[in-house]
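So you can see what is in the structure, the chains are spelled out below.
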Amino acid sequence: MRNIKSLVFVALIAIVAGLSSCKKEVTYTDADIIGTWQEVGTEAFMCFTNESESGEYRYGYEWNEAEDVFPEDLKVHGNGWFKWKIVKADLTQIHLMDNGGAEIPKVYNILKLNDTDLQIEDEFSKKHTYQKVANRKK
């Protein structure tokens, strides 16, 4: 009887230890990222819009004022524009190109996303940190 109680006790400890080590998977939604973000320490911006053609991807655009590129310089859905979606903690951007309709995909891991801060990591483990800014319209 004592062996059975000991065995049950050990089994319960193992179950509790297993449950406490389970990490909740972080999931973000498209609504979490909508808006304009400025990369910290730069004049580079990304704007994630709610605009969509297919429903799977939404549109966004980016520009760098240090290179004298501004939103009004961008051709809608051309260079500087991208399609994007979020699945759990992965941000996929497909950059659109004017020449020949090329689409260049990039996938980032979202490390942090809240009302004011965004941090993403690319496939080469390079981190990019952004702060949300007041929406700037084209």
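Look above for the structure.
A few points about the overall build of the protein chain
Here's step 1: In terms of helices and strands, the protein chain carries two helices and eight strands.
Here's step 2: Put simply, the protein chain runs from its N terminus to its C terminus through helices and strands in the order α-α-β-β-β-β-β-β-β-β.
Here's step 3: In the protein chain, which comprises 138 residues, the share counted as buried stands at 33%.
Here's step 4: Within the protein chain, contacts between residues at least 6 apart in sequence are counted, and of these 38% link residues at least 24 apart.

A look at the sheet that holds strand E3 (residues 58-64)
Here's step 1: Taken in spatial order, the eight strands of this closed barrel run E1-E2-E3-E4-E5-E6-E7-E8, and their pairing is antiparallel. Here the strands of the sheet are splayed against their neighbours by 35° on average, with no regard to which way each runs.
Here's step 2: For strand E1 (residues 35-39) and strand E8 (residues 127-133), the ladder comprises four bridges, and the chain directions are antiparallel. In the sheet register, Trp 37 faces E8, and the bridge partner there is Lys 132.

Criteria and cut-off values
Residues numbered from 1 in each chain as written. Predicted model: local features only at pLDDT ≥ 70, side-chain atom pairs only at ≥ 80, totals over all residues. Heavy atoms only, no water. Helix = DSSP H or I, 4+ residues; strand = E, 2+ residues; numbered from the N terminus. Buried < 20%, exposed > 50% of the residue type's maximum accessible area, 1.4 Å probe, protein only. Contact = heavy atoms within 4.5 Å. Pairing = 2+ DSSP bridges. Axes fitted to C-alpha atoms, helices over the stretch in contact; angles between N-to-C directions.

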